[in-house]
Amino acid sequence: EASGHIPAADVPTTWDTRTGQGVLWKSPIPLKGYSSPVVWNDQVFVTGGNREQRRVFAFDAGSGELLWARPVTPTNAPAPAM
């Protein structure tokens, strides 16, 4: 609904990546990224990059399996001010 809210009532509100409490899966991302993940249907999308390359990664939302990785062509536009 693009409202920023989820209608489900049984979502985890706390988690611990060290113990695995509330964590369904973890998967390494080959390049560092600072964006938030995007969940769309049954996939989770994240970005990563460095000075040489930028990529979008798609993971299966249920298993954490990497489905694909695609390069992103940088533009010459300056980064937005934070």
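Quantities reported herein were computed from a predicted structural model and do not represent experimental measurements. (Residues numbered from 1 in each chain as written. Predicted model: local features only at pLDDT ≥ 70, side-chain atom pairs only at ≥ 80, totals over all residues. Heavy atoms only, no water.)

1. Points about the overall build of the protein
We apply this condition: Runs of H or I in DSSP of at least four residues are treated as helices and runs of E of at least two as strands, each being numbered from the N terminus. With C-alpha atoms as the basis for the radius of gyration, the globule rule is written as 2.2 Å multiplied by the number of residues raised to the power 0.38. Burial classification: accessible surface area is computed with a 1.4 Å probe over protein chains only, and a residue below 20% of its type maximum counts as buried, one above 50% as exposed, and the rest as partly exposed. Residue-level accessible areas treat just the shown protein chains as cover; the underlying method is Shrake-Rupley with a 1.4 Å probe. By the counting scheme adopted, Arg and Lys are positive, Glu and Asp are negative, and His together with the chain ends is not counted. Working definition for charges: the position is that of NZ of Lys, CZ of Arg, CG of Asp or CD of Glu.
Scanning the protein from terminus to terminus reveals zero helices and four strands. Counting helices and strands in the order they occur from the N terminus, the protein gives β-β-β-β. Its C-alpha atoms give the protein a radius of gyration of 15 Å, more than 25% over the compact-globule value 12 Å for 82 residues. Each principal axis of the C-alpha atoms in the protein carries an extent, and together these give about 45 × 30 × 25 Å. Within the protein, the proportion of its 82 residues that are buried is 11%. With the model as given, the accessible surface of the protein reaches about 7200 Å², and the carbon-plus-sulfur share is 56%. Considering the protein, the positive charge centre built from 7 side chains and the negative charge centre built from 7 side chains are found 15 Å apart.

2. Focus: the pairing of strand β2 (residues 43-49)
Short version of the rule: Paired strands are those between which DSSP finds at least two bridges.
Summarising the sheet, strand β1 (residues 38-40) and β2 pair through three bridges and their orientation is antiparallel. Looking across to β2, one finds that Val39 is bridged to Val44. Between the end of β1 and the start of β2, which pair antiparallel, lie two residues, with Asn41 showing a positive phi angle near 55°. In this sheet, strand β3 (residues 54-60) lies alongside β2 in antiparallel orientation, the contact comprising seven bridges. Its bridge partner lying in β3, Thr47 is registered against Val56. Hairpin geometry of β2 and β3 is characterised by an intervening segment of four residues between the two adjacent antiparallel strands.

3. Remarks on the nonpolar core
The cut-off we apply is this: Nonpolar core, defined: a set of buried Ala, Val, Leu, Ile, Met, Phe, Trp, Tyr and Cys residues in which side-chain atoms within 4.5 Å join the residues together. We call two residues contacting when some pair of their heavy atoms lies within 4.5 Å.
Counting five residues, the largest nonpolar core is built from Leu31, Val44, Val46, Phe57 and Phe59. Of all the secondary-structure elements, those providing two or more residues to this core are β2 and β3. Each residue touching Leu31, except ones within four places of it in the same chain, is listed here: Gly48, Gly49, Asn50, Gln53, Arg55 and Phe57.

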